[in-house]
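Architecture and fold: a report
Next come the chains, spelled out residue by residue.
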Amino acid sequence: MKTDLPESIEDTETLLHSGGYVPDRPLAIAVFLSLKLGRPLFLEGEAGVGKTEIAKVLSASLGRKLIRLQCYEGLDVASAVYEWNYPRQMMAIRLAESGGESNMSEVSENIYGAEYLIERPLLSALRPDNGGPPVLLIDELDRTDEPFEAFLLEVLSEYQVTIPELGTVAASESPIVIITSNRTREIHDALKRRCLYHWVDYPDADREYEILRNKVPEAADSLSLQVVAAAQHLRGADLFKPPGVAETIDWVRALIALDRGYLDRDGLEETLGVVLKYRDDINHVRENTIDGTIAAASAAL
Amino acid sequence: MTKSITSSGALARNVMSFARLLRSSGLPIGPAKILVAIQAMASIDLVRRDDVYWALHSAFVDRHSQSELFGIVFHQFWIVRIGEQDKPFMFDDVIDEAFIECAESLPRRLAGAMAENGLAKKTNKGRESREQPPSVTWSGSERLRSKDFETMSTEENIMARRAMLDFQLPISRVPTRRFQPHASGRRIDMRSTLRKMIRTGASFDLMRKKAVYRHPPLVVLCDISGSMEPYARMLLHFLHTITNDRDRVHTFLFGTRLTNVTHQLIHSDPDVALRKVSAAVEDWSGGTRIGQSLASFNRKWSRRVLGQGAVVLLITDGLDRDGGAGLTEEIERLQKSCRRLIWLNPLLRFDGFEPKSAGIKAILPYVDDFRSVHNLDSLSEFVEALSSLGGARNRTGTNSAGME
């Protein structure tokens, strides 16, 4: 089922809510403008604040296909955009030879045809789809190197890909593009210039509570409130990696799995590894902030 | 949509004036962004101030560190000029030129703070109202000690560039996952093989390719405390030359606090760059807090600049005001998060050096390459000292060699 694009900021909020995502107003504005203006949305923020989730929710609630490109160092055109099917091409040449074909230019025209082309995510995102233009998620762009960003420029500004042997493939309708980055390096300005930018921050306590109610409905309200207060408190401590929303969700699930109805000192000690992923951070919290965290958690009730 | 784009000529003009003000404050804004901003304003209802704020924000800002400056300029332009905060926007009032002229002079002074270190100390506060308050807290920060450098002579610049030609770190180039055609490469390039088959007809010649090699990112952490003062000018000259010599160089200076000066050093004229650095750094020739400076590097910067296997060059004499407190943990983390940690110590020129200082003792076990310099008067000697490093990542071996 295909849903129309939202017409206003409020519609966008409703749309994201219906997909189980709790946006704050600035994020809803950024998503709305990106859909409205047909511009890629560049989301930057710490790990685990729900950047990737936005693309998933958009694709699900708009009924669009989700095409995901996970970035890594050394990602190249052959694995991101397209590749020629070399074995088939070679076979075709051999067949032409054995068939006594002497006109190689004709053969060459044939083997660089669409049927020998293997489409990778960026190219297939430009293809029309029954459900409407797909959602293209370019995930963790900061993991690639600079040359790959250059490949992306044409795709992002013109929604087209140029294949030297075949010509230009342009999208009839532009896909919805979401780019995420954890900021392990700065992305080049040329690429950012083509996008709308939004920094996804940690949610405030109210929004985080709402997220928990959405994601872990089986959790008791009191437990969710406690966990949110504790997570907010930990984010204020001087940590190497403060817990993200993903960690908060895991935390509630872990406490439920341990049959704990509320968060106390023992529960916190047992589940600290769910929330904090660095040994230094765990030690720091054990030594300095555990009392404050417990106090914040019980104050929330 | 309450307002069509045609009826909002005044709005478009105001957006352009606003963009001009942002630009004069140091945000890189071109015509394309202005067009997007005008489209964005036409797409939303101009009722809520925060909607307008975030719509313009998504069009004009493209990195997190610009947010604060954007907030100040936004306040200055749309709120101070247009009236009380609780009044609705009146976009049809064209903001007069005289105001822009006068407002432009304010952010120009703020532009110096655009360097990320000045703006990086936010994030945790102000979750209630995400619209940035017009705080100007960092503009009046005290300057502990400023520094003047003699200008560089032309001769010095030529010498510096010549010296850099010989400059090689122990890990100078690493293979990337990009490939280029090469007659004796180990990988087969199917694409060009096929093309050749078509061209020459039938003959089956395998074309080959090999990995492209390039410099790994380089991060320099340079001590500028009192004991390092005699070398400061030369070191900065070196840092300036290397920052402009290759891509992916990040430079930090530290004494009692850590300052990222990459942005300032990128200016191609060494004198201008050094003047900017001197203005940005607040703790010239003071004490040293190596542990604390490294801790703030590890917290704030390591994940942003140590990606992709960076080499870290640590330039310090190891004399620590805090007596090496907290240094071990931080230097260990630093060493574990980079490809290779190189320590250059200029103190060793004194005869009879022994690693007695607590700071030195803390750092030594964790460096991959240790290098002492006996005479650090010229840049070429400095480059020579660094280039003569060699060998694999082997702590004990290089340490003992360096300490002899």
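Definitions and limits used
- Residues numbered from 1 in each chain as written.
- Chains lettered and ligands numbered in written order.
- Predicted model: local features only at pLDDT ≥ 70, side-chain atom pairs only at ≥ 80, totals over all residues.
- Helix = DSSP H or I, 4+ residues; strand = E, 2+ residues; numbered from the N terminus.
- Rg over C-alpha atoms; globule rule 2.2 N^0.38 Å.
- Buried ≥ 20, exposed ≤ 12 C-beta atoms within 10 Å, placed from the backbone.
- Pairing = 2+ DSSP bridges.
- Axes fitted to C-alpha atoms, helices over the stretch in contact; angles between N-to-C directions.
- Domains from an automatic or database assignment.
- Contact = placed C-beta atoms within 7 Å.

A short note on the overall build of chain A
Looking only at helices and strands, one finds 14 helices and 9 strands in chain A. For chain A, the C-alpha radius of gyration of 24 Å lies well beyond 19 Å, the compact-globule estimate for 301 residues. A principal-axis box enclosing the C-alpha atoms of chain A has dimensions of 85 × 45 × 35 Å. Within the span of chain A, comprising 301 residues, buried residues form 43% of the whole.

Structural notes on the sheet that holds strand 9 (residues 196-199) of chain A
All names here are of chain A. Read across the open sheet, the 5 strands follow the order 2-5-8-1-9; overall the sheet is parallel. Two strands lie at the open edges of the sheet, namely strand 2 (66-70) and strand 9, each paired on one side alone. Between one strand axis and the next, the sheet turns by 20 degrees as a mean value, whatever way the strands run. Bridge count between strand 1 (residues 41-44) and strand 9: 4 bridges; the pairing is parallel. Bridge pairing in strand 9 places Phe42 opposite Tyr197.

With respect to the domain arrangement of chain A
We note that the domain assignment places domain 1 (9-75 + 121-199), domain 2 (82-115) and domain 3 (205-299) within chain A. Computed over C-alpha atoms, the centres of domain 1 of chain A and domain 2 of chain A are 36 Å apart.

Considerations on the environment of Ile29 of chain B
Residues and elements named next belong to chain B. Mapped onto the elements, Ile29 comes out in the loop between helix 1 (9-24) and helix 2 (31-43). Placed 38 residues apart in sequence, Ile29 and Ser67 show a C-alpha to C-alpha distance of 14 Å. Non-local contacts of Ile29, meaning those with residues more than four positions away in its chain, are made with Ala19, Leu22, Arg23, Ile34 and Phe60.

What about the pairing of strand 8 (residues 176-181) of chain A?
Residues and elements named next belong to chain A. Of all 6 residues in strand 8, 6 are buried, a share of seventy percent or more. When strand 1 meets strand 8, the two strands line up parallel, connected through 4 bridges. From the neighbouring strand, Leu41 faces strand 8, where its bridge partner is Ile178. Pairing between strand 5 (residues 135-139) and strand 8: 4 bridges, direction parallel. Paired with Leu137 across the strands is Ile178, a residue of strand 8.

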